[in-house]
Amino acid sequence: MSYVTKSPWIIHYDGSSCNGCDIEVLACLTPMYDVERFGVINTGNPKHADIFLVTGSVNAQNISVVKQIYEQMPRPKVVVAVGICAASAGIFKECYNIIGGVDKAIPVDVYVPGCAARPEAIIDGVVKGLSVLEEKRKSLKEELAAETVKAGMDFKAEGEEREGA
Amino acid sequence: MSKRTVIPFGPQHPVLPEPVHLDLVIEDEKVVEAVPSIGFVHRGLEKLVEKREFPEMVYVIERICGICSFGHGWGYCRSVEGNMSIEIPDRAQFLRTIWHELSRIHSHLMWLGLLADAFGFESLFMHCWRVRETILDIFEETTGGRVIFSVCKVGGVRRDIDGEELKRIVDILAKLKDEIKKLADVFFDDYSVRNRLCGVGYLSKEDAKELCAVGPMARASGIRQDMRLDGHGAYPYLDFEPVLEEGGDSYARCKVRIREVFQSIELIAKAVKRIPVGEISAPVKGNPSGEFIARMEQPRGEAYYYSKGSGSKFLARMRVRTPTNMNIPAMVKTLQGCDLADVPMLILTIDPCISCTER
């Protein structure tokens, strides 16, 4: 992609990661990699966010938190699973308190491999997420337009019924 | 008396990348009580000793935490080596010490940045993290990894650093020292920084003792406690005195960590001067069968590693107690009576590592 048409805002949640991927996510925002120059902002509010970065796998305690954050985000939204733990639970797969990758809780659009995922890989994942976001935006727009037409038809039909009665 | 309100804090919140939940009981703007609840990142990795052979377990233990990962690996290796009475070559001890001290520098710089972010000084945050990248580059050159490097193994280390590279590291650190000095001046002298740190979150020496605070938290309240003094690794050859401050407030804790960064740079220079030539790992024969406790000074304080062998390739039990676990009571104490607006910063002053705590 030669240019970015949208500056996505990001929300980051640490599932049960070891911090390795979390500090790499933060490292993306700091001067060495500096994605903030493209307008990418790490926001704390799910309602402001376009892209949901999840590090670490889900467990019984945090599965509801992950779902809640996802549901609070406005559509269109993209989920990027950062690191091998978020993809498949990785080294902790056999731990008793691990349910599995993030896709056990919410639909995931982009998987970023690595333990810990490198900042370059995370940035690449977010850029991939952008094209998914664009597709989702288009389909959402069509869906909304169809809904509007349908709502209009319904209104018209109701009006005719009223007049008939 | 005004009305009491309970404000939930976390688990997802902008201050810390990690999930921690606190119920803050508020009276007007003052925090009366803070009730922490943890368990969002619990994985249960201690139980994995039953499924992983003891040399493989190092990889799992290193992933307790991605910030002090090397120290965890070393602590585990020490406890297993003690269990099997393996003598580690001196060069390996020095190399481990160098990597551990580099980890301390990177961890403290990271913390300084997060602290600056917590009190709203974003450019200072960026500068701390910019400087920290230099350390990560050294890690990458010497081990291949930026945050988790799996270079420590039972019996020694996997990679050697040659003499020229060691000299180069010392040169880089000497240059870095000037940059860190500039940052330190801001933390020490800036009016607005001092305004946020001085006198905030006071922890007396008695309280620190009573609540079993460890690491920089204890040292900032004047307790001389540093596990590096117990004579492991190359520390006996690098005569040093732990950094102590008497203030007990957030400013003192910040000061301890900044001074420790400079101390670590000195320790690395000393270690490079005195490193002997020789083997970097000892052969490992047989299986662990006894019990052994190793204590390490992590960037956040004392960590404790217990291993119990079963005579087979699988350990019978492995237990890790981490510094944040010990510092949470002290954190709750400092939160009582503070302003609501200071809560994020006070949580940060213990340098919490939740994934260590919950494992």
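For the structure, see preceding data.
Small disclaimer: the values here were computed from a predicted structure and weren't measured.

### Thoughts on the overall build of chain B
(1) Moving on: Counting secondary structure elements, chain B contains twelve helices and eight strands.
(2) Moving on: Relative to the globule expectation of 21 Å for 359 residues, the C-alpha radius of gyration of chain B, 20 Å, shows essentially globular dimensions.
(3) Moving on: Across the 359 residues in chain B, those meeting the buried criterion constitute 62%.
(4) Moving on: Sequence separation of at least 24 residues holds for 70% of the intrachain contacts in chain B that already meet a minimum separation of 6.
(5) Moving on: Counting every atom, chain B has about 13,200 Å² of accessible surface; 50% of that belongs to carbon and sulfur.
(6) Moving on: Here chain B contributes 48 positively and 51 negatively charged side chains, and the mean placements of these two sets differ by 3 Å.

### Concerning the overall build of chain A
(1) Moving on: Within chain A, the regular secondary structure consists of four helices and five strands.
(2) Moving on: Here chain A has a C-alpha radius of gyration of 20 Å; the compact-globule value for 165 residues is 15 Å, and the former is much larger.
(3) Moving on: Oriented by its inertia axes, the alpha-carbon framework of chain A measures out at about 70 × 40 × 25 Å.
(4) Moving on: With 165 residues in all, chain A has 48% of them scored as buried.
(5) Moving on: Sequence separation of 24 or more characterises 80% of the internal contacts of chain A that already satisfy a separation of 6 or more.
(6) Moving on: Put simply, chain A shows about 8,100 Å² of open surface, and 56% of that area lies on carbon and sulfur atoms.
(7) Moving on: Each charge sign in chain A was given a centre, from 17 positive and 22 negative side chains, and these centres are 1 Å apart.

### A word on helix α2 (residues 63-72) of chain A
Residue and element names in this part refer to chain A.
(1) Moving on: Restricting attention to buried positions, one finds in α2 the residues Ile63, Val65, Val66, Ile69 and Tyr70. All buried residues of α2 fall inside an arc of 165° around its axis, so they share one side.
(2) Moving on: On its buried side, α2 packs onto β1 (9-14), β3 (51-55) and β4 (78-82).

### Concerning the interface of chain B and chain A
(1) Moving on: Taken together, the contact between chain B and chain A spans 42 residues of the former and 39 residues of the latter.
(2) Moving on: Between the two partners, chain B and chain A, sit three salt bridges.
(3) Moving on: Arginine 52 of chain B is the salt-bridge partner of glutamate 94 of chain A, the closest N and O atoms lying 3.0 Å from each other.
(4) Moving on: Listed by contribution, the elements that provide at least two residues to the side of chain B that touches chain A are α1 (57-62), α3 (90-118) and α4 (122-143) of chain B.
(5) Moving on: A per-element tally of the side of chain B that touches chain A places α4 of chain B first, with nine residues.

### With respect to the packing of aromatic side chains
All names here are of chain B.
(1) Moving on: Taken as a whole and judged by the stated rule, the model has eight aromatic pairs over all chains.
(2) Moving on: An angle of 25° between the planes, with centres 6.4 Å apart, marks the rings of tryptophan 74 and tyrosine 235 as stacked. Within this pair, whereas tryptophan 74 is found in helix α2 (residues 69-83), its partner tyrosine 235 is found in the loop between α8 (215-219) and α9 (250-274), the two being separated by 161 residues in sequence. For the pair shown, tryptophan 74 and tyrosine 235 are each scored as buried.

### Some thoughts on a negative patch on the surface
All names here are of chain A.
(1) Moving on: On the surface, Glu158, Glu160, Glu161 and Glu163 cluster together to form a negatively charged patch.
(2) Moving on: Mapped onto the secondary structure, glutamate 158 falls in helix α4 (residues 119-164).
(3) Moving on: Since its relative accessible area comes to 43%, glutamate 158 is described here as partly exposed.

### A few points about the pairing of strand β2 (residues 21-27) of chain B
Residue and element names in this part refer to chain B.
(1) Moving on: With six of its seven residues buried, β2 lies for the most part within the structure.
(2) Moving on: Bridge count between strand β1 (residues 4-9) and β2: six bridges; the pairing is antiparallel. What sits directly across from valine 6, in β2, is valine 25.
(3) Moving on: Between β2 and the antiparallel strand that follows it, strand β3 (residues 30-37), lie two residues; aspartate 28 among them carries a positive phi value of about 55°.

### Brief notes about the side chain of serine 150 of chain B
Residues and elements named next belong to chain B.
(1) Moving on: Inspection of the secondary structure puts serine 150 in the loop between α4 and β4 (152-153).
(2) Moving on: With relative accessibility at 18%, the residue serine 150 sits in the buried group.
(3) Moving on: If near-sequence neighbours (up to four positions away) are discounted, serine 150 is found in contact with Tyr59, Glu62, Arg63 and Arg158.

### Regarding the sheet that holds β1 of chain A
Residue and element names in this part refer to chain A.
(1) Moving on: The five strands lie next to each other as β2-β1-β3-β4-β5, forming an open sheet whose pairing is parallel. Lying at the two open borders of the sheet, with one neighbouring strand each, are β2 (41-42) and β5 (110-112).
(2) Moving on: Note: β1 against β2, two bridges, orientation parallel. Following the sheet pairing, isoleucine 10 is matched in β2 by asparagine 42.

### Quick notes on the environment of aspartate 14 of chain A
Residues and elements named next belong to chain A.
(1) Moving on: Residue placement: aspartate 14 occurs in strand β1.
(2) Moving on: Spatially, the C-alpha atoms of aspartate 14 and valine 82 are 9.8 Å apart, while their sequence positions differ by 68 residues.
(3) Moving on: A distance of 3.0 Å separates a polar atom in the side chain of aspartate 14 from the backbone nitrogen of serine 17.

Cut-offs and rules
- Residues numbered from 1 in each chain as written.
- Chains lettered and ligands numbered in written order.
- Predicted model: local features only at pLDDT ≥ 70, side-chain atom pairs only at ≥ 80, totals over all residues.
- Heavy atoms only, no water.
- Helix = DSSP H or I, 4+ residues; strand = E, 2+ residues; numbered from the N terminus.
- Rg over C-alpha atoms; globule rule 2.2 N^0.38 Å.
- Buried < 20%, exposed > 50% of the residue type's maximum accessible area, 1.4 Å probe, protein only.
- Contact = heavy atoms within 4.5 Å.
- Areas by Shrake-Rupley, 256 points an atom, 1.4 Å probe, with all protein chains shown as cover.
- Lys, Arg positive; Asp, Glu negative; His and termini not counted.
- Charge placed at Lys NZ, Arg CZ, Asp CG, Glu CD.
- Arc of directions from axis to C-beta.
- Salt bridge = Lys/Arg side-chain N within 4 Å of Asp/Glu carboxyl O.
- Phe/Tyr/Trp six-rings, centres within 6.5 Å; stacked < 30°, edge-to-face > 60°.
- Patch = residues over 30% accessible without salt bridge, like charges linked within 9 Å, V, L, I, M, F, W, Y side chains within 5 Å.
- Pairing = 2+ DSSP bridges.
- Polar contact = N/O pair within 3.5 Å; in protein donor to acceptor, adjacent residues only side chain to side chain.

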